[in-house]
Amino acid sequence: MITAYPEKNAFGAKLNSLVSPSRPVQTAEKLFGRDKELERIDRAFFAEGRHIFIYGSRGVGKSSLAAAAANQQQSADANYIDVSCSRDATLASIVANIAQTALGQNLLQNKSSTTSFGASLSVVTASHTVNSAAPVIASAIRTLPDAVEVLRQAAETHSKNPVVVLDEFNLLADAAERTAFSDLLKILGDKKVGLRFIFTGVAESLNELLGANESAYRQLETIELPKLAYQARMDIVQDVADGLGVSVDRDFIIRIASISDGFPYYVHLLTEKLMWRVFDDQEIIDEANDDHFEEAVKDAIETIAAQLKRPYELALRQRSGDIEPVIWATADGDVLARFVDEMYQSYQRIMEQLDEAPLDRKTFMSRLQTLRKETSGGILVRDIKPGLYTYREKMLRGYVRLQAEANHIRLPGDVSYTPERQVIRAPSRASTGFHGPSTPKGFRFRGEKKPSSRS
Ligand SMILES: Nc1ncnc2c1ncn2[C@@H]1O[C@H](COP(=O)(O)OP(=O)(O)O)[C@@H](O)[C@H]1O
Ligand SMILES: [Mg+2]
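Now for a description of the structure that goes with this document. Throughout, residues of each chain are indexed from 1 in the direction in which the sequence is written. Chains carry letters from A onward and ligands carry numbers from 1 onward, assigned in written order. Under the rules for a predicted model, residues below a pLDDT of 70 receive no local features and side-chain atom pairs below 80 are neither given nor counted, while totals for whole chains, interfaces and linings still include all residues. Side-chain descriptors were evaluated using all non-hydrogen atoms of the structure, hydrogens and water having been removed beforehand.

This paragraph deals with the overall build of the protein. Only runs of H or I of at least four residues qualify as helices and only runs of E of at least two qualify as strands under DSSP, and these elements are numbered from the N terminus. The number of helices and strands found in the protein is 19 helices and eight strands. Taken across its 455 residues, the protein has 51% of its residues classed as buried. Of all intrachain contacts in the protein linking residues separated by at least 6 positions in sequence, the fraction that spans at least 24 positions is 75%. Accessible area of the protein: about 21,300 Å², with a carbon and sulfur share of 49%. Here's how the labels work: a residue is buried when its accessible area is under 20% of the maximum for its type, exposed when over 50%, partly exposed in between, all with a 1.4 Å probe on protein chains only. Note on contacts: a residue pair is in contact if any heavy atoms of the two residues lie within 4.5 Å. For the area figures, the Shrake-Rupley method with a 1.4 Å probe applies, and any residue is considered shielded solely by the protein chains shown.

Next up, the structure:
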């Protein structure tokens, strides 16, 4: 039970305002651990003609950073322009979408527009055609200068300081269309069109998206978004707990932070499920306990999209029947790319917790090879460096860690967060329920003082 929100509707609404596992964060206030990136974007926008490109793994928080930054940078006279890419998009169709959005907002706000989109585009200024304006505009854009002209007028119509978020640029399948964007940015700069772009894209390197074309990068401030830092993960949980007046033990907060593998999606999801479990409890008041946590982990697993879990389930279909602890071992520790020996050590310690005999190294190795096969989910791929393996879909790692937790396995790599516990053997499953590590060094919880700079 939750004292402040005893009634389900009020509780649900409040919770929903605090967690957002399935939509990007919109404001800097709810964006944890990205101050450095927000500041970089702020500074970059002082330079005329500069745009932002945020790239990184799926689910790491690119759209959230883009939205929060856009809300900060967009002038108060309008909402920023939000457009997404799709597989069949072209530069012309995207520019047309931007124009339609800009124009639509303008008409909604009943501003009188003194500009028209040129002779061939004036048709769209009639409000009844705005919703279907994009194809008309797109067909009128035949050259880059056409696109620039449309954007100029869109910018002037839209607001004092217009910002465009162009999300999921990687979906734009045609490489030539992607390259055309860098040429477009250059002309926008030359022609002093006051429109700022924030791009996001799933990629490990920008080369994947923009090719090796040097000049493409001159107009761009590129931000590679790393996993969310430990402190920020914990702050998200604490923020939700505070918002509802629920106390969550530091052990749970650490465990959520650690399971999430730095993907804020899992932090939101687990926290959301945990809060519902506290809400459901008739006896325990305003406090999360072990049972709530255990149920929340299961609830989270149930909720996760089939698409994301599929590789895990495919891998489990292997005949050998001994592969699950091998998969958990691959997801141990904080570092994505791991050597076979490291994974084998994790595996041995997991088997100790299970009180079962481990596979020998050679068999373990052959199971790892199985995990690389497409028919078994293709979970692992070789890293660039020889002997290193990494996850094909980085976000799956968090799911694997959640599965380990649901099976009462404490991934041994996580124990080493605690300096004083580094030498401790992973506890056996029989002797423990969960034993969370104590606060990782340097991390703070509510009510704890910031450590002085000398300590
Ligand atoms: N810095 C952050 N602080 C709090 N929550 C975040 C943060 N970044 C992302 N999230 C949450 O994580 C989830 C995934 O973020 P999103 O921005 O959609 O990732 P991406 O665009 O990289 O796939 C969303 O539910 C969002 O609410
Ligand atoms: Mg996104």
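This part covers unusual backbone geometry. Look at Glu168: it is not a glycine, yet its phi comes out positive at around 60°. In this structure, Glu168 sits in the loop between strand S3 (163-167) and helix H8 (175-190). If you check the backbone angles, Asp286 has positive phi at about 55° while not being a glycine. If you trace the backbone, Asp286 turns up in the loop between helix H12 (264-280) and helix H13 (290-303).

Quick look at helix H2 (residues 35-44) now. Within the span of H2, buried status applies to Glu37, Leu38, Ile41 and Ala44. Down the axis of H2, the smallest arc covering the buried residues is 125°, so these residues share one side. Summarising the geometry of H2, the exposed residues directed more than 90 degrees from the buried face are Asp35, Lys36 and Arg43. Looking at the buried positions of H2, the neighbouring elements they touch are strand S1 (51-56), helix H3 (62-73) and strand S5 (220-224). Here the arc refers to the set of directions running from the helix axis out to each C-beta atom.

Here a salt bridge means any side-chain nitrogen of Lys or Arg lying within 4 Å of a carboxyl oxygen belonging to Asp or Glu. The final tally for this structure, using the stated rule, is 16 salt bridges. One salt bridge in this structure joins Arg255 and Glu405, with 3.4 Å as the shortest N-O distance. Linking Arg255 in helix H11 (residues 250-259) with Glu405 in helix H18 (residues 396-406), this pair joins segments that are 150 residues apart in sequence. For the pair formed by Arg255 and Glu405, the shared burial category is buried. The salt bridge involving Lys298 is made with Glu295; its shortest N-O contact spans 3.6 Å. One end of the pair is Lys298 and the other is Glu295, both in helix H13 and three residues apart, which spans about a single turn.

Of the two faces of strand S8 (residues 388-391), the one lined by Leu388 and Thr390 and the one lined by Tyr389 and Tyr391 are each fully buried. Strand pairing is assigned whenever DSSP identifies at least 2 bridges connecting the two strands. Strand direction decides the pairing type here: strand S6 (residues 338-339) and S8, joined by two bridges, are antiparallel. Its bridge partner being in S8, Phe339 is matched across the sheet by Leu388. As judged from the three bridges shared by strand S7 (residues 380-382) and S8, these two strands associate in the antiparallel manner.

Right, let's talk about the environment of Asp261 for a bit. Its place among the elements puts Asp261 in the loop between H11 and H12. For the pair Asp261 and Arg397, spaced 136 residues apart in the sequence, the C-alpha separation amounts to 7.1 Å. With residues up to four places along the chain from it excluded, the contact list for Asp261 reads Lys227, Arg233, Gly333, Asp334, Arg397, Gly398 and Arg401. For Asp261, the side chain forms a polar contact with the side chain of Lys227, separated by 3.0 Å. Identification of polar contacts relies on pairs of N or O atoms within 3.5 Å, with a donor-acceptor requirement for protein atoms, meaning one able to donate a hydrogen and the other able to accept it, and with residues adjacent in sequence counted only if both atoms are side-chain atoms.

Attention now moves to the site of ligand 1. Only a single heavy atom is needed: when it lies within 4 Å of a molecule or strand, its residue is near that molecule or strand. Near ligand 1 lie 22 residues; those nearest to it are Ser20, Phe32, Gly59, Lys62 and Ser64. Interatomic distance of 2.9 Å between a backbone N/O atom of Arg23 and an oxygen atom of ligand 1. Out of a free accessible area of 560 Å², ligand 1 has 92% covered by protein chains. If you list the elements that add at least two residues to the shell around ligand 1, you get H3 and H12. Where each domain starts and ends comes from a domain assignment, either automatic or drawn from a database. When residues of the shell around ligand 1 are assigned to domains, at least three fall in each of domain 1 (1-23 + 243-303) and domain 2 (34-224).

Here Arg233 shows up in helix H10 (residues 230-244). The convention is simple: Lys and Arg are positive, Asp and Glu are negative, and His and the chain ends are not counted. Look at Arg233: it is buried, it has no salt bridge, and the nearest opposite charge is Asp334 at 4.0 Å. In this structure Arg233 touches Leu228, Ala257, Ser258, Ser260, Asp261, Gly262, Val267 and Asp334, once residues within four positions along its chain are discounted.

What follows is about the packing of H11 against H18. Their axes nearest at 9 Å, the elements H11 and H18 cross at an angle of 140°. The angle between H11 and H18 falls in the class oblique. On the side of H11, the interface is formed by Arg255, Ser258 and Ile259, while H18 contributes Gly398, Arg401, Leu402 and Glu405. Put simply, Ala, Val, Leu, Ile, Met, Phe, Trp, Tyr, Cys and Pro go in the nonpolar bin, Asp, Glu, Lys and Arg in the charged bin, and everything else, Gly too, in the polar bin. Residue composition of the contact of H11 with H18, grouped by class: two nonpolar, two polar and three charged. As a rule, the C-alpha atoms of each element are fitted with a line to give its axis, helices using only the stretch in contact, and angles between N-to-C directions run from 0 to 180 degrees. Convention used here: angles under 35 degrees read as roughly parallel, angles over 145 as roughly antiparallel, angles from 65 to 115 as roughly perpendicular, and any remaining angle as oblique.

Exposure above 30% relative accessible area and the lack of any salt bridge qualify a residue for a patch; like charges then connect within 9 Å, and the nonpolar side chains Val, Leu, Ile, Met, Phe, Trp and Tyr within 5 Å. To locate a charge, take atom NZ for lysine, CZ for arginine, CG for aspartate or CD for glutamate. A grouping of Asp249, Glu287, Asp290 and Asp291 is seen on the molecular surface, where their side chains present a negatively charged patch. Along the chain, Asp291 falls in helix H13. Classification of Asp291 as exposed rests on a relative accessible area of 54%.

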